[in-house]
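# Report on the structure
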Amino acid sequence: MGLSQREAGDSDEGGDLAGLSLVLGLGATGYSCARYLHGLGVEFAVLDSRAAPPLLASYLQEFPDAQVELGEFKVEQLCRASRLIVSPGIAVSTPAIAAAAAAGAEILGDIALFARAAQAPIVAVTGSNGKSTVVALLAAILRENGSAFGLGGNLDGENFKPALELLIAEREGARRSDLFVLELSSFQLETTRELNATAVALLNLSEDH
């Protein structure tokens, strides 16, 4: 299994990420998780159950030495890890994931990683509908106020930006945010034990959420 590593010590953020982390899913969120972990210098690998993940070529172009495991998740494969970082939409009830959890692997997602490392207050918006409208209103108010804020999470279209990309941008020299506004799906919250949000908007809920 291919691992992507750098010299450790560049950041204190990786202090609670000892051992092997497996990123499951190489869509936009999984890609952001891999980029984030690579920047921390921690040990990780990327797995995707699909034969041709949509961002595989881009990932290998950015990290040409990285190897990605493709195909059905295997129990013995996942049980090697200290933690599984599961992309939204991948069911944590998948047998191999459930077996790894039973064996002691931590199960989390990109928002859990974000919440551990964010240095500014988090405003979280979730619910079955109305999330994007509320987030857009918050963003408009913050822009009018001249606030430095980061906007990310489960957004649509041109506004889409995985939450971890906000921390990666700061690490690469972007202006630090005074506040983070995140739109969160039920899938993201399912793998988030502690959000540490300063304010939360819980909108309309339906049974499937």
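Note that this is a predicted model, so its numbers are computed, not measured.

The rules behind the values
- Throughout this document, residue positions are counted from 1 along each chain, in the order its sequence is written.
- Per-residue local features of the predicted model are confined to residues with pLDDT of at least 70, and side-chain atom pairs are confined, for both listing and counting, to 80 or more; whole-chain, interface and lining totals are unaffected and use all residues.
- Only hydrogens and water are set aside when side-chain values are computed; all heavy atoms of the structure are taken into account.
- Only buried residues count toward a nonpolar core. Its members are Ala, Val, Leu, Ile, Met, Phe, Trp, Tyr and Cys residues joined through side-chain atoms within 4.5 Å.
- To sort residues, take the accessible area from a 1.4 Å probe on protein chains only and compare it with the maximum for the residue type: under 20% means buried, over 50% means exposed, and anything in between is partly exposed.
- Strands are runs of DSSP state E lasting at least two residues, helices are runs of H or I lasting at least four, and both sets are numbered from the N terminus onward.
- A side-chain nitrogen of Lys or Arg and a carboxyl oxygen of Asp or Glu constitute a salt bridge if their distance falls within 4 Å.
- Two residues form a contact once any of their heavy atoms are found within 4.5 Å.

## Section: the nonpolar core
Among the nonpolar cores identified, the biggest contains 37 residues, and Tyr36, Leu37, Val46, Tyr59, Phe114 and Phe180 are the most heavily contacted of them. When residues of this core are assigned to their parent elements, the largest contribution, six residues, is made by helix H1 (residues 28–40). Of all hydrophobic cores here, the second largest spans 14 residues; its members include Leu47, Ala81, Ala96 and Ile97.

## Points about the pattern of salt bridges
Across all of its chains, the model carries eight salt bridges by this definition. Here Asp16 makes a salt bridge to Arg116, at a shortest N to O gap of 3.4 Å. Taken together, the residues span a long stretch of sequence, with Asp16 in the segment before strand S1 (21–24) and Arg116 in helix H5 (residues 110–117) at a distance of 100 residues. With a relative accessible area of 40%, Asp16 lands in the partly exposed category. Between Asp48 and Arg50 there is a salt bridge, and its shortest N-O distance comes to 2.8 Å. Judged by its relative accessible area of 38%, Arg50 is partly exposed. Each of Asp16, Arg83, Glu106 and Arg116 takes part in salt bridges that share partners, so that together they form one network.

## Remarks on unusual backbone geometry
Excluding glycine, residues mostly carry a negative phi; peptide bonds, for their part, are mostly trans. Of note in the backbone geometry, Asn196 takes a positive phi value of approximately 55 degrees without being a glycine. The topology assignment puts Asn196 in the loop between helix H8 (186–190) and strand S9 (199–202).

## Some words on the environment of Leu60
Summarising the element assignment, Leu60 is placed in helix H2 (residues 56–62). Aside from chain neighbours lying at most four places away, what touches Leu60 is Ala66 and Val68.

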